[in-house]
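Residue strings, one per chain:
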Amino acid sequence: MYDFAYQKPSNVADAVAALGADPEAKAVAGGMTLIPVLKQRLNRPSVVVDLAKTGLAGITAGAGSITIGAMTTHAAVAHSADVQRVIPALAALAGLIGDEQVRHRGTIGGSLANNDPAADYPAAALALGATITTTKRAIKADDFFQGMFTTALEPDELITKVEFPAATKANYQKFRNPASRYAIVGVFVAQTAAGVRVAVTGAGQGGVFRHTAMEAALSKNFSADAIADVVTPADDLNGDIHASSEYRAHLIGVMARRAVAAAA
Amino acid sequence: MGFEGIGAAVRRKEDLRFLSGRGHYTDDINRPGQLYASIRRADRPHARIKGIDTAAAKASPGVAAVFTGADMAADNIGGLPCGWQIHNKDGSPMAEPPHPVLAVDKVRHVGDPVAVVIAATRQQAKDAAEALVIDYEDLPSIAGLRDAIAPGAPLVHDEVAGNLCYDWHIGDKALVDAAFARATKVVKLDLENNRLIPNAMEPRAALGDFDSMSGDYTLFTTSQNPHVIRLLMGAFVLHIPENHLRVVAPDVGGGFGSKIYHYAEEAIVTWAAGKLKRPVKWTADRSESFMSDAHGRDHVSTAEMALDADGHFLALRVSTLANMGAYLSTFAPCVPTYLYATLLAGVYKTPAIYVEVKAVFTNSVPVDAYRGAGRPEATYLLERLVDVIARETGIDRVELRRRNFIANDAFPYQTPVALQYDSGDYTATLNAALKVADYAGFAQRRAAAAARGKLRGIGVSTYLEACGIAPSAVVGSLGARAGLYECANIRVHPTGSVTVFTGSHSHGQGHETTFAQLVHSQLGVAMDQIEIVHGDTDKIPFGMGTYGSRSLAVGGSAMVKAMDKVIAKGRKIAAHLMEAAVDDVEFKDGKFTVAGTDKSRALAEISLAAYVPHNYPIEELEPGLEETAFYDPKNFTYPGGCHIAEVEIDPETGVTTVINFTAVDDVGRVINPMIVEGQVQGGVAQGIGQALLEAAIYDKSGQLLSGSMMDYTMPRADNLPNITVGTESTLCTHNPLGVKGCGEVGAIGSPPAIMNAVVDALADYGVRHIEMPATAPKLWSIIQAGRPRLAAE
Ligand SMILES: Cc1cc2nc3c(=O)[nH]c(=O)nc-3n(C[C@H](O)[C@H](O)[C@H](O)COP(=O)(O)OP(=O)(O)OC[C@H]3O[C@@H](n4cnc5c(N)ncnc54)[C@H](O)[C@@H]3O)c2cc1C
């Protein structure tokens, strides 16, 4: 790790100011992505701005939605009675992230801001049609994810909270990378007031994406059989030492069918 | 306190320390004025070093020194020695190219150390190491075995033609050829043994210290054998006599073989401490471990069995390529020869065996012994081949094994590949395992799984291994450059407590408990009055360390011998005190008694008399009660047994789940059944890792693609089934304890059991053999390819 200065502001405005004051400054939330990157000397921030005291943690259940503060840990989401009641699939997804230690440090804001192509939350955000509120604006999930590790966020813009509309039916199926335990393929299927959406993480070269062919089939008939014949082309999918693009294409079908069958 | 002697499941004395974070490891040791070393390693597989610009690094904050291979050469530092010399078929010695501590003219693998920066803090050392400018000229490179021996392949060492370290063989070729000529059937199998990265929980670390007044060097290091490191580093690398070199291996967090070897970093910190007159510490990052700890296995083989009409094995012919990596690690050459080829008889009475092994240099991390060392490779080859034979002859796989077992009355049994087995009962372990695994009920479980859409398979492996290494004269004649005895010193203190100084080293095995049980049994001293000391060349007379499941069979036997000497001396003292003839004095349960009388003296009374010799046979006996013994084993020991795995495969995804695993092993006499069970479970976990998960993957040029935990799949708790461990023991006939060893059996017997189960599960898909690891995408492809065939039937 290279040397860096460390700040722990006590409110969001100060955090934004600290980030705005120095283009080399970097926010840290749970540190589960940032700290390993620093340890490997792959990033050299001048200042690390810790969001721990900015008051961004917490979960509120509204009429037909769940709102989760950016600093809420994965464990808190997994164990929240409100999330379990309104969108059980979201609580279950949070419980599948990393391991117990990671879930008690890592945050939803950090995960979405990082937009790792194999991360889990982006699939939920996109499938449920979440709204990501930042220090500057509200961004629809469809506009937020802009490719691997790339989002609509500006350098001094922080996520403050994420609002997920309730789903009548939803489920997330994750096929884990056996080594890292991130998603090789993760499929989130959701039926909300806005319709049926299918979001795929882990597989796309451009990060999380919507599977429109499946969405169309499921809109007509929300059953596993309805998507049995939907073919996912392998061309735009990742291939690596863990899974070829063809295998990923196949797994998208398997995980989607399982998600539809299990959706509650 | 209940029974705590031999056979009792005594709780491990060391666990409170380990589980509460109070172990004391090399990196926990800090010396006043300590500096930190960071090593700049090659980021490419093969290149000529045209120049190293150290100016910026030297000017970097906190830097005390920057050293390169040239600096070591100027100090006349030797290369890292190899402990074993193999001879070619024609009798000439193997190619043994230099293994410089820091690269001199070329780098030969990703991770090869090029320069070291020593600075006031770890971060400063790393910063400065990055500031080194190395001018490389890239050279063509190869990592794969077949590529490396292909004509015209790039040479890892310019002077080693064809990258061939040695071309060795064992067995009677003519006899084997004749048997093949008259065979009814020949079954042939090509197979690979995947390359593994050991990943002990504690990364390697080394701390060198130098006392300029006395000229004494101390090296604290993560080693399985501190005396061996002192010998190799002192004699061959740094030229420091033993009286000025102390090597300490404190608590060590796992080794599995990877901490046997003498590594560059040990020599670097010790040498640098002397040059700078300051302590120097190096601790590996996990990513450094991946590219600098010796890897394991990596074979490509062809095996052929000649059979008669009844499925009797007539002869076995094997030819193997073994990857040595870029340099010869300490024990590397003996692993694919004397720890592998000699094991290819297994539990079978195959009368003729011929094995050829070519060891090959490649642009990859050196490969050496890893838990099991050679025996997992032999067992995997043999037990996969036996299953293929069963399939192709139509003989039931269990029956085929029984038919070819060495019979119980055949011991001592001389194999055609040098070893002589002293004892065993392969039918007993097989029968017990079949029963525990409910083998008979498998068909029903398979049908039930099929009804759920799952493919279920069962796999059996009946294996044997050789451990308790090793008889010095025998291994000497085979090329070992060291003896492989063990040493123990037993010190009975004046008031009767005991300290054992053992040359074995514990890095997770529980020696502090098992060895104390031996002393408790033999001398009758309470467990809490016994202290086991290991890992310090200044305390222990000598030692060859711990590997090859040798600690109890060899180290424990040395303790027994030393305790025999203690008792013999004690009887003389007791005879004097009780005014009896020495021959009439017996020792039992901690007491010396005179036969036929009620006279008795406790051990503590005798030891007190020995140290306070007021009433003592001082003319005939020296005071004190302390004895040292060296034990050189008469033979290897031969644990064996039967492992049975039951797996279920999800045909939609190719994911394998191990449902059940049964291990019934013959480990000889069991001292502590709980520790045996733990050892077997750990070994099986690693075996399942090898079979299903682990693969060190290099691209063709030698870039390590699986260089971190993100890409290298270590087995985790949720990959493992409930592992049922049982023992069915026959005693070793040639060591005083009758023990055989249990440290590696789990890793040796399990991979073929798993793979046989996987192939069994996919039997309907037309698959004959699957290479390890049986990952989900690999099985999915096999299932995809097999579907049309299945549909056509
Ligand atoms: C061993 C391990 C296993 C893991 N497994 C999984 C897994 O299975 N699935 C999965 O999805 N993830 C996994 N993760 C990642 C984990 O979920 C992290 O929590 C997540 O990627 C980042 O969250 P964080 O709070 O730790 O963010 P940090 O590491 O603190 O920050 C990550 C990035 O986000 C930025 N950032 C943080 N908070 C905000 C904010 N409020 N607004 C704007 N930018 C912000 C930071 O500046 C930084 O660039 C794993 C991590 C580890 C270490």
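The structure displayed is predicted, hence computed values, not measured ones.

A. Structural context of helix α1 (residues 12–21) of chain A. Residues and elements named next belong to chain A. Every buried residue of α1 is accounted for by Val12, Ala15, Val16, Ala18 and Leu19. Buried residues of α1 fall within an arc of 160° about the axis and therefore sit on the same side. Turned more than 90 degrees from where α1 packs its buried face, Ala13 and Ala21 sit exposed. Each element contacted by the buried residues of α1 is listed here: β1 (5–7), β2 (26–28), β3 (47–50) and β8 (159–165).

B. The arrangement of the environment of Ala470 of chain B in detail. Residue and element names in this part refer to chain B. Assignment of secondary structure puts Ala470 in the loop between β19 (455–464) and α14 (472–477). Here Ala470 falls in the buried class, since its relative accessible area comes to 0%. Spatially, the C-alpha atom of Ala470 lies 6.6 Å from that of Asn635, the residues being 165 residues apart in sequence.

C. Summary view of the site of the ligand. Residue and element names in this part refer to chain A. Close contacts around the ligand come from 29 residues, with Ala27, Ala29, Gly31, Thr33 and Thr107 the closest. Side-chain polar atom of Lys174 to an oxygen atom of the ligand: 2.9 Å apart, as the coordinates give it. At 3.0 Å, a backbone N or O of Arg181 approaches an oxygen atom of the ligand. Look at the ligand: alone it shows 960 Å² of surface, and the protein chains cover 90% of it. Sorting the residues of the shell around the ligand by element identifies β2 and α7 (108–114) as the ones contributing at least two each. The residue makeup of the shell around the ligand, split by class, is 15 nonpolar, nine polar and five charged. When residues of the shell around the ligand are assigned to domains, at least three map to each of domain 1 (5–50) and domain 2 (59–263).

D. Molecular detail of the domain arrangement of chain B. All names here are of chain B. When cut into domains, chain B gives domain 1 (15–139 + 201–254 + 259–292), domain 2 (299–469 + 635–792) and domain 3 (485–631). For domain 2 versus domain 3, the separation of C-alpha centres amounts to 40 Å. At the junction of the two partners, domain 2 supplies 20 residues and domain 3 supplies 18 residues. When the area that domain 2 buries against domain 3 is broken down by residue, the three leading residues are Ile469, Ile671 and Leu737, summing to 36%. Our enumeration of links across domain 2 and domain 3 arrives at zero salt bridges.

E. Molecular detail of the packing of aromatic side chains. By the definition in use, this model includes 20 aromatic pairs over all chains. Note on Phe144 of chain A and Phe145 of chain A: the rings are 5.1 Å apart at their centroids and 90° apart in plane angle, and the pair reads as edge-to-face. Phe144 of chain A sits in the buried class, given a relative accessible area of 0%. Pairing Tyr348 of chain B with Phe405 of chain B gives two aromatic rings, centres 6.2 Å apart and planes at 15°, and the pair type is stacked. Taken together, the residues Tyr348 of chain B in the loop between β14 (313–325) and β15 (352–361) and Phe405 of chain B in the loop between α11 (397–404) and β17 (413–414) connect sequence positions 57 residues apart. Exposure remark for Tyr348 of chain B: the relative accessible area of 0% places this residue in the buried category. Here the aromatic residues Phe313, Tyr348, Phe405, Phe411 and Tyr426 of chain B are joined through ring pairs into a cluster of three or more. Over the ring of Phe180 of chain B we find Arg317 of chain B; its NZ or CZ atom is 4.0 Å from the centre of that ring.

F. Fine view of the side chain of Thr221 of chain B. Residues and elements named next belong to chain B. With respect to the helices and strands, Thr221 occurs in strand β10 (residues 216–221). A polar side-chain atom of Thr221 sits 2.6 Å from a polar atom in the side chain of Glu266. Excluding anything up to four places from it in sequence, Thr221 contacts Thr26, Ala205, Ala206, Val247, Val248, Ala249, Pro250 and Glu266.

G. Spotlight on the domain arrangement of chain A. All names here are of chain A. Looking at chain A, the domain boundaries give domain 1 (5–50) and domain 2 (59–263). Just the C-alpha atoms count here: the centres of domain 1 and domain 2 sit 26 Å apart. With both chains or domains summed, domain 1 and domain 2 bury close to 870 Å², and 74% of this area falls on carbon and sulfur atoms. Joining domain 1 to domain 2, the criterion identifies zero salt bridges. Taken together, the connections running from domain 1 to domain 2 amount to one residue pair in polar contact (both at pLDDT 80 or more).

H. Quick look at helix α11 (residues 245–262) of chain A. Between its first and last C-alpha atoms α11 of chain A spans 25 Å; for 18 residues at 1.5 Å apiece the expected length is 26 Å, and the two agree. Taken residue by residue, α11 of chain A has Ser245, Tyr247, Arg248, Ala249, Leu251, Ile252, Gly253, Val254, Met255, Ala256, Ala259 and Val260 of chain A as its buried positions. Those residues of α11 of chain A that are buried lie in contact with β9 (167–176), β10 (183–192), β11 (195–201), β12 (209–210) and α10 (212–220) of chain A together with α20 (776–792) of chain B.

I. Molecular detail of the interface of chain B and chain A. Residue-level contacts link 22 residues of chain B with 21 residues of chain A. Counting the surface lost from both chain B and chain A, the interface buries some 1,800 Å², and carbon and sulfur atoms represent 49% of this. Considering only the surface of chain B that becomes buried against chain A, Glu652, Met710 and Trp780 of chain B emerge as the three largest contributors, covering 27% of it. There are six salt bridges connecting chain B and chain A. Between Glu130 of chain B and Arg41 of chain A there is a salt bridge whose closest N-O contact spans 3.3 Å. Joining chain B to chain A, the criterion identifies 14 residue pairs in polar contact (both at pLDDT 80 or more). Among the secondary structure elements, those contributing two or more residues to the side of chain B that touches chain A are α4 (122–131) and α20 of chain B.

J. Representation of the sheet that holds strand β27 (residues 640–649) of chain B within the structure. All names here are of chain B. Pairing is mixed in the open sheet, where four strands are placed in the order β19-β27-β28-β29. Each edge of the open sheet is held by one strand with a lone partner, namely β19 and β29 (722–727). For this sheet, the mean angle separating the axes of adjacent strands, direction not counted, is 10°. Sheet strands in contact with helix α18 (residues 673–693) are β27, β28 (656–666) and β29, and its direction is about 135° off that of β28.

Definitions and limits used
Residues numbered from 1 in each chain as written. Chains lettered and ligands numbered in written order. Predicted model: local features only at pLDDT ≥ 70, side-chain atom pairs only at ≥ 80, totals over all residues. Heavy atoms only, no water. Buried < 20%, exposed > 50% of the residue type's maximum accessible area, 1.4 Å probe, protein only. Helix = DSSP H or I, 4+ residues; strand = E, 2+ residues; numbered from the N terminus. Arc of directions from axis to C-beta. Contact = heavy atoms within 4.5 Å. Near = heavy atom within 4 Å. Polar contact = N/O pair within 3.5 Å; in protein donor to acceptor, adjacent residues only side chain to side chain. Areas by Shrake-Rupley, 256 points an atom, 1.4 Å probe, with all protein chains shown as cover. Nonpolar A, V, L, I, M, F, W, Y, C, P; charged D, E, K, R; others polar. Domains from an automatic or database assignment. Buried area = accessible area lost by both parts, 1.4 Å probe. Salt bridge = Lys/Arg side-chain N within 4 Å of Asp/Glu carboxyl O. Phe/Tyr/Trp six-rings, centres within 6.5 Å; stacked < 30°, edge-to-face > 60°. Lys NZ or Arg CZ within 6 Å of the ring centre and 35° of its normal. Expected span 1.5 Å × (residues − 1). Pairing = 2+ DSSP bridges. Axes fitted to C-alpha atoms, helices over the stretch in contact; angles between N-to-C directions.

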